[in-house]
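Here's the letter readout for the chains.
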Amino acid sequence: MGRLFHEFLEGPGKVYACRFCRCHLAAAEELVSKSFHCRHGKAYLFNTVANVSVGVREDRLMTTGMHTVSDIFCNCCMQIVGWKYEEAFEKKPKVQGGQVHTRTCQNGGRV
């Protein structure tokens, strides 16, 4: 494995960052929805994210049904910052494969 390079995100809007090390994860333009929840609290849905590694695929029962998902890890601190939808087993899933959820901080900050 080679050295991981970290992308610095710039833009007119906010940048969402890892709650553990503040590494940039997503630009505000990539935000799809803030109306999701996970077992740790609120979660945000993004089209694309940066500076993450994708874990092993596994089937998980979510509130919207059975999905194949992969946990995503921050490239800087290697903490789990959310999950990526790979496939949905329901006929009409709310999200498309490839979209990414990130968890929010307990204190209301951004991931």
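Engineer: Explain the pattern of salt bridges to me, using residue names and the numbers behind them.
Structural biologist: Within this structure, the stated rule accounts for four salt bridges. For the salt bridge of Glu58 with Arg60, the shortest nitrogen-to-oxygen distance reads 2.6 Å. Taking relative accessible area as the criterion, Arg60 reaches 15% and is therefore assigned buried. Ionic contacts of the salt-bridge type, sharing partners, join the residues Arg57, Glu86 and Glu87 into one network.

Engineer: Pulling in residues and values, what's your account of a nonpolar patch on the surface?
Structural biologist: A surface patch of nonpolar side chains, amounting to about 310 Å² of accessible area, comprises Leu61, Met66 and Phe89. Looking at the element boundaries, Leu61 is found in strand S5 (residues 52-62).

Engineer: Tell me what's going on with the packing of aromatic side chains, and back it up with residues and numbers.
Structural biologist: Going through the model one piece at a time under the given rule, you end up with two aromatic pairs. Measuring from centroid to centroid gives 5.8 Å for Tyr16 and Tyr44, while their planes differ by 85°, and the two rings are edge-to-face. Of this pair, Tyr16 sits in strand S1 (residues 15-17) while Tyr44 sits in strand S4 (residues 41-46), and the two are 28 residues apart along the sequence. Classification of Tyr16 by relative accessible area gives buried; the value is 4%. Since its relative accessible area comes to 5%, Tyr44 is described here as buried. For the pair Tyr16 and Phe46, a centre-to-centre distance of 5.3 Å together with 65° between the ring planes defines the contact as edge-to-face. Placement of the pair is Tyr16 in strand S1 and Phe46 in strand S4, with a sequence separation of 30 residues. Neither residue differs from the other here; Tyr16 and Phe46 are each classed as buried.

Rules behind the numbers
- Residues numbered from 1 in each chain as written.
- Predicted model: local features only at pLDDT ≥ 70, side-chain atom pairs only at ≥ 80, totals over all residues.
- Heavy atoms only, no water.
- Salt bridge = Lys/Arg side-chain N within 4 Å of Asp/Glu carboxyl O.
- Buried < 20%, exposed > 50% of the residue type's maximum accessible area, 1.4 Å probe, protein only.
- Patch = residues over 30% accessible without salt bridge, like charges linked within 9 Å, V, L, I, M, F, W, Y side chains within 5 Å.
- Areas by Shrake-Rupley, 256 points an atom, 1.4 Å probe, with all protein chains shown as cover.
- Helix = DSSP H or I, 4+ residues; strand = E, 2+ residues; numbered from the N terminus.
- Phe/Tyr/Trp six-rings, centres within 6.5 Å; stacked < 30°, edge-to-face > 60°.

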